[in-house]
Amino acid sequence: MTDTLLLAFDDEAALANELAVALDVQLHFIKRHRFPDGELRLVLPARLPPRVVLLRGLHQPNEKLVELMIAAPTARELGTRHLTLVSPYLAYMRQDMEFTPGEAVSQRHIGKLLAQYFDAVITIDPHLHRIQSLDEVLPGRRGLSLSAAPLLGAWVARHVPDALLIGPDEESAQWVHEAAAAHGLDSAIGRKVRHGDHQVTLALPDVPVQGRAVVLLDDMASTGRTLMGSAEALLARGAASVDVAVTHALFVGEAYVQLKAAGVRHVWSTNAVPHASNVISIVPLLVAALKS
Ligand SMILES: O=P(O)(O)OC[C@H]1O[C@H](OP(=O)(O)OP(=O)(O)O)[C@H](O)[C@@H]1O
């Protein structure tokens with residue numbers, strides 16, 4: 001990939017450096033200046049090669065979307081003809097239908113916006129419920145959705161002898177089954193009803209957990225309520241230990257501290273979102289996708 005340049009922002013320097021080394025490509029950080037009124041100025045290299053990969057995770061997405069709206073057309077003005085967005089966490093995928101009249105279907109509109117600027121988008125474990133493929137979100141463009149579940153499963157298999165993997169809700173079944181199947185782990189899936197941003201009702205799966213080393217596995221932790229509620233219920237039922245493995249460590253506010261306070265022993269995450277719990281690198285996944 002010597003003809004490709006990797007562009008990134010310095011708040012994702014660790015992942016950007018690791019990716020550049022693994023791909024053996026040149027890395028350039030886009031310079032950012034925030035004006036007193038909050039507007040942004042971006043500075044890219046004066047000339048760009050025809051193929052550019054832009055790395056930008058979209059956790060805390062609103063300002064980052066503006067960065068993309070400025071950086072992508074600038075890259076094309078500077079010589080880029082094929083522009084790939086690598087966004088390990090793709091925001092706005094959870095609002096995928098109109099639940100009440102007049103409610104914006106953000107997934108569709110953010111997808112269209114990205115399709116306007118990028119030839120291809122690569123992401124990890126996007127929260128897509130009711131559609132099968134990321135292509136459906138990106139009209140006319142290539143969307144590639146990678147799964148970190150086998151990496152999470154491998155980590156659990158190495159660190160927790162005889163683990164029982166539990167997914168807190170039906171949605172998590174895809175990741176839990178993939179991780180369990182790849183590494184011969186026991187698994188079970190609970191149920192969840194969401195009542196609001198911070199309110200969920202959880203039902204544990206009907207499997208014996210007494211004395212088991214349970215690992216809760218999910219695509220993301222945001223407020224941590226889903227994992228906290230599950231962990232407390234598992235410990236109350238006699239689980240020997242509860243660990244957590246997630247792809248996206250969003251952990252808003254005090255969520256991480258509260259999750260540990262709820263009795264969770266270890267919290268493990270991938271570096272798709274930079275966080276203190278990162279222990280699993282998604283770089284091998286990204287490299288395989290970008291090289292194909
Ligand atoms: O840390 P939290 O704030 O609990 O959020 C994380 C949970 O939210 C997501 O599911 P969600 O409840 O959105 O599922 P849904 O899309 O089916 O409502 C995700 O799959 C996690 O289970």
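Because the structure is predicted, anything quoted here is derived from the model rather than measured.

Visitor: Outline the overall build of the chain, listing residues and values.
Guide: Along the chain, the regular secondary structure elements total 8 helices and 16 strands. Taking 19 Å as the expected radius of gyration for a compact globule of 292 residues, we find that the chain reaches 20 Å, a close match to that expectation. Burial analysis of the chain (292 residues in total) assigns 52% to the buried set. Long-range contacts, defined here as pairs at least 24 residues apart, represent 64% of the contacts in the chain between residues at least 6 apart. Total accessible area on the chain stands at roughly 13200 Å², and carbon and sulfur atoms take up 52% of it. Here the chain contributes 26 positive and 31 negative side-chain charges, whose respective centroids are spaced 4 Å apart.

Visitor: Can you lay out the sheet that holds strand β1 (residues 4-8) for me, pointing to particular residues and giving the numbers?
Guide: Pairing is parallel in the open sheet, where 6 strands are placed in the order β2-β1-β5-β6-β7-β8. Each of the sheet's edge strands pairs with one partner strand only, and the pair in question is β2 (26-29) and β8 (142-146). Going from strand to strand, the sheet's axes swing by 20° on average, the running direction of each strand aside. Two elements, β1 and β2, share 4 bridges in a ladder whose sense is parallel. Across the sheet, residue L6 finds its bridge partner in β2, namely L27. The sheet contacts of helix α1 (residues 13-23) involve β1, β2 and β5 (51-55), and relative to β2 the element is tilted by about 160°.

Visitor: An account of the environment of V43 is requested, with residue identities and associated values reported.
Guide: Structurally, V43 is set in strand β4 (residues 40-43). The class of V43 is partly exposed, set by a relative accessible area of 36%. Sequence separation between V43 and H82 is 39 residues, and the spatial gap between their C-alpha atoms is 19 Å. Those residues in contact with V43 that sit more than four places away from it in its chain are I30 and K31.

Visitor: Account for the site of the ligand, naming residues and giving values.
Guide: As a matter of local geometry, the ligand sits amid 15 residues, with H129, D218, D219, T223 and T226 nearest to it. Separating an oxygen atom of the ligand from a side-chain N or O atom of R194 is a distance of 2.6 Å. Here G224 contributes a backbone N or O atom positioned 2.7 Å from an oxygen atom of the ligand. Counting contributing residues, the shell around the ligand receives three or more from each of domain 1 (4-146) and domain 2 (149-280).

Visitor: Describe helix α4 (residues 149-159), and please don't skip the residues or the numbers.
Guide: For α4, the complete set of buried residues consists of A149, L152, G153, A154, W155 and V156. The secondary structure elements touched by the buried residues of α4 are β9 (163-167), α5 (173-183), β13 (213-221), β14 (241-249), β15 (267-270) and β16 (278-280).

Visitor: Summarise the domain arrangement of the chain; cite the residues concerned and give the values.
Guide: Segmenting the chain into domains produces domain 1 (4-146) and domain 2 (149-280). Here the C-alpha centroids of domain 1 and domain 2 sit 28 Å apart. When domain 1 packs against domain 2, close to 1200 Å² is buried across both sides, 55% of that on carbon and sulfur atoms. Across the contact surface, domain 1 and domain 2 share 0 salt bridges.

Visitor: Hey, could you go over the side chain of R56 for me, with residue numbers and the actual values?
Guide: When you line up the elements, R56 lands in the loop between β5 and α2 (61-77). A distance of 2.8 Å separates polar atoms of two side chains, one belonging to R56 and the other to E12. Beyond its immediate stretch of four places on either side in the chain, R56 contacts F9, D11, E12, R32, K64, E67, L68, L85, V86, S87 and P88.

Visitor: Requested: an account of the nonpolar core, with residues and values cited.
Guide: Ranked by size, the top nonpolar core spans 35 residues in total, and within it L54, L114 and F118 carry the most contacts. Sorting the residues of this core by element identifies β1, β5, α2, β6 (82-86) and α3 (106-117) as the ones contributing at least two each. Per element, the largest residue contribution to this core is 5 residues, and it comes from α2. Ignoring any residue separated from it by four or fewer positions in sequence, one finds L54 in contact with L7, F9, I30, L68, A71, T84, L85, V86 and F118.

Visitor: So what's going on with the sheet that holds β16? Which residues, and what values?
Guide: Taken in spatial order, the 6 strands of this open sheet run β10-β9-β13-β14-β15-β16, and their pairing is parallel. The open sheet has two edge strands with one neighbour each: β10 (186-189) and β16. Neighbouring strand axes in the sheet, compared pairwise and without regard to direction, differ in orientation by 35° on average. For β13 and β14, the ladder comprises 8 bridges, and the chain directions are parallel. Along β14, the bridge assignment pairs A221 with A249. Most of the contacts of α5 go to β10, to which it runs at about 170°, and overall it touches β9, β10 and β13.

Visitor: Outline a nonpolar patch on the surface, supporting the account with residue identities and numerical values.
Guide: Together, V66, M69 and I70 line one region of the surface with nonpolar side chains, adding up to about 210 Å² of accessible area. Looking at the secondary structure, you find V66 in helix α2.

Parameters at a glance
Residues numbered from 1 in each chain as written. Predicted model: local features only at pLDDT ≥ 70, side-chain atom pairs only at ≥ 80, totals over all residues. Heavy atoms only, no water. Helix = DSSP H or I, 4+ residues; strand = E, 2+ residues; numbered from the N terminus. Rg over C-alpha atoms; globule rule 2.2 N^0.38 Å. Buried < 20%, exposed > 50% of the residue type's maximum accessible area, 1.4 Å probe, protein only. Contact = heavy atoms within 4.5 Å. Areas by Shrake-Rupley, 256 points an atom, 1.4 Å probe, with all protein chains shown as cover. Lys, Arg positive; Asp, Glu negative; His and termini not counted. Charge placed at Lys NZ, Arg CZ, Asp CG, Glu CD. Pairing = 2+ DSSP bridges. Axes fitted to C-alpha atoms, helices over the stretch in contact; angles between N-to-C directions. Near = heavy atom within 4 Å. Polar contact = N/O pair within 3.5 Å; in protein donor to acceptor, adjacent residues only side chain to side chain. Domains from an automatic or database assignment. Buried area = accessible area lost by both parts, 1.4 Å probe. Salt bridge = Lys/Arg side-chain N within 4 Å of Asp/Glu carboxyl O. Core = buried A, V, L, I, M, F, W, Y, C linked by side-chain atoms within 4.5 Å. Patch = residues over 30% accessible without salt bridge, like charges linked within 9 Å, V, L, I, M, F, W, Y side chains within 5 Å.

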